[in-house]
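# Chain and residue survey
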Amino acid sequence: MTYLITRAGKKVTSAFAAVLVVSFPTSLLAQELETIKVMTSNDQSCSPYPQISADEFGFFAEEGLKVNLLSSDTSIPYIAFLANGDADITMMDAGMIFQAVTAGQPISAIYEAYQRAGDGMVVLADSGIKSVADLKGKTVGMASDRDQLTTILALSTVGMDVSEIETVVVGQPGPVLVDALTKGTIQAYAAANSEFAALSAAGVAITNITPVEVSSVPGNTFTVWGPTKEEKRPLFEKFLRAWAKGQHAGIMDIKAVMSACKKRIPEQWEIPGRGETVVTNSVTNTQVRRTVKYGELQRDVWEKIQPPYVKFGEIPAVIEVDKFLDPSFIDAANDFTTDDVKNSVKAWKQANKDILIN
C-alpha cells in the first residue's frame, strides 16, 4: 500500500495533474488511510515546507492520513472549494478571511500556518531608498494585481496614498523584472517572499522595506467550513499535528528539510542558492513560531489589522474576531514531543544519505 499526495488541476474536478507516491512504514500498512483534501499555497515551491517534511519524514503517515493536495493555481475563490466540499481545509490570507466572513460565509480560522505575512516590498540595496516614505513620485512594480493591497497598506503606514506613486504589474522574477529594477524603470517591487528569494538567487542585491505593520499580518491561516467542523475535528487535528511537526523539523534540522525539499522539487534548486533561500526564509521568517504553541491564533493581531482594510474599502466594518477564530484545535495540533520529530528525521536521514545537503 502507498501513501499518496495528489495535485488536482485548476478546475474543481477529480482529475489530477500528477501523483506523488511515497512508501510509508511497515507498521502502518495495516491501517486504513483517511483522506483529507487540502489546498495550500505556492504550487511547486519549497515555501510551504511543512507539507513536504510532514510527508517525507512520515508525519502524515503516522497519523494514518492520505493527503490530496489540491492545486492553488486556480481562478476559483478558495472559499468555493470549502463551500462545495472539494477541499476540507484551505490556507487563506487575512483579506480572504475578512471578505468571506463579511459575505456571511460560515468559516472558521483554526491554525496560523504563516504567522508573518509572506508579502512585502523590496528595493535595490544600493538604491538609497530606506523606507516606503521615500517612494513618493516613484514607480512600484507588482508581481500581480493582488499586490496592490500590499502596496496600499504599506504606504498607509507613513500617511501616503497610492495616488502619490505609479504602479505597474511586472510579473514574477525573470529577465524582464531584473531589467526593470536594475535600469530604474521601477524603483520598488511588491510581491511575495518566494519572488524575493528568486531575485536574490539571481544575484540581485535587494533590501526589504516592508513596514512591520504589514509584515505582522498573519500570512496564511488554515481555514475550514464551520458546519462540518465538529464532524471533521479528528481529521483536522491529525493533519494539523503532522503539519506542526513539519514546522518543528525546520527549526530542529533545517538541512534535513532542505534535503527533503530538494528531493521533492529539484527544479527550485536549479539556480544556485535559490532553494536554500526559499527554505531559510520560510523557516526563520514567515513560518517561524511567534506564539507559545504552533499555530496559535493571535486575537490582538487580528483585531489590530482590520482598520486599514475598512479604510480602503476591503471590508465595510471591523469584525468581532470570535466570529471567525476558533482556537480549540491548537492543543491537539501541538500534542507531540521534540523526540517524536527527531526520531523520524533521523530515520529519514539514514535512508537518504546519498541526497543529504551538508
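Residues numbered from 1 in each chain as written. Predicted model: local features only at pLDDT ≥ 70, side-chain atom pairs only at ≥ 80, totals over all residues. Heavy atoms only, no water.

## What to know about the packing of helix α1 (residues 49–56) against helix α10 (residues 254–264)
At a minimum axis distance of 9 Å, the contact between α1 and α10 shows a crossing angle of 90 degrees. As summarised for this structure, α1 and α10 are arranged roughly perpendicular, according to the angle between their axes. Here Tyr49, Ile52, Ser53, Asp55 and Glu56 of α1 come into contact with α10, specifically with Val257, Ala260, Cys261, Lys263 and Arg264. Considered class by class, the residues forming the contact of α1 with α10 number five nonpolar, one polar and four charged. (Axes fitted to C-alpha atoms, helices over the stretch in contact; angles between N-to-C directions. Helix = DSSP H or I, 4+ residues; strand = E, 2+ residues; numbered from the N terminus. Parallel < 35°, antiparallel > 145°, perpendicular 65-115°, else oblique. Contact = heavy atoms within 4.5 Å. Nonpolar A, V, L, I, M, F, W, Y, C, P; charged D, E, K, R; others polar.)

## Some remarks on the pairing of strand β9 (residues 166–169)
As paired elements, strand β8 (residues 139–142) and β9 share four bridges and run parallel to each other. Following the sheet pairing, Val140 is matched in β9 by Thr167. For the segment spanning β8, helix α5 (residues 147–156) and β9, crossover handedness is right-handed. (Pairing = 2+ DSSP bridges. Right-handed = clockwise from strand over helix to strand, strands pointing away.)

## Details of the pattern of salt bridges
Scanning all chains against the criterion turns up 16 salt bridges. Among the ionic pairs, Glu164 bridges to Lys136, the shortest N-O distance being 3.6 Å. With Glu164 in the loop between α5 and β9 and Lys136 in the loop between β7 (119–124) and β8, the pair connects residues that are 28 residues apart, well separated along the chain. A salt bridge links Glu237 to Arg233, with the nearest nitrogen and oxygen atoms 3.9 Å apart. One end of the pair is Glu237 and the other is Arg233, both in helix α9 (residues 233–252) and four residues apart, which spans about a single turn. Taking the relative accessible area as the measure of exposure, Arg233 reaches 17% and is therefore buried. (Salt bridge = Lys/Arg side-chain N within 4 Å of Asp/Glu carboxyl O. Buried < 20%, exposed > 50% of the residue type's maximum accessible area, 1.4 Å probe, protein only.)

## Describing the packing of α9 against helix α15 (residues 338–351)
Taken N-terminus to C-terminus, the directions of α9 and α15 make an angle of 75 degrees; their axes are 10 Å apart at the nearest point. In terms of their interaxial angle, α9 and α15 are classed as roughly perpendicular. Counted together, Lys245, His248, Ala249 and Met252 of α9 and Thr338, Val341, Lys342 and Val345 of α15 form the full contact between these two elements. A breakdown of the residues in the contact of α9 with α15 according to their chemical character gives four nonpolar, two polar and two charged.

## Quick word on the environment of Ala125
Tracing the backbone through its elements, the reader meets Ala125 in the loop between β7 and β8. Taking relative accessible area as the criterion, Ala125 reaches 44% and is therefore assigned partly exposed. Measuring from C-alpha to C-alpha, the distance between Ala125 and Ser53 comes to 33 Å, with 72 residues separating the pair along the chain. What Ala125 contacts, discounting residues up to four positions off in sequence, is Ala205, Ile206 and Thr207.

## Thoughts on the confidence of the model for the protein
With 91% of its residues at a pLDDT of at least 70, the protein reaches an overall mean of 87. Here residues 1–30 scores under 50 on pLDDT; set against residues more than four positions off or in separate chains, the count is 72 contacts. (pLDDT = per-residue confidence, 0-100.)

## Some words on the nonpolar core
Ile89, Tyr111, Phe222 and Phe239 are the most contacted members of the largest nonpolar core, which has 48 residues in total. Per element, the largest residue contribution to this core is eight residues, and it comes from α9. Judged by nonpolar contacts, the second largest core, of 45 residues, contains Ile97, Leu149, Trp225 and Val321. (Core = buried A, V, L, I, M, F, W, Y, C linked by side-chain atoms within 4.5 Å.)

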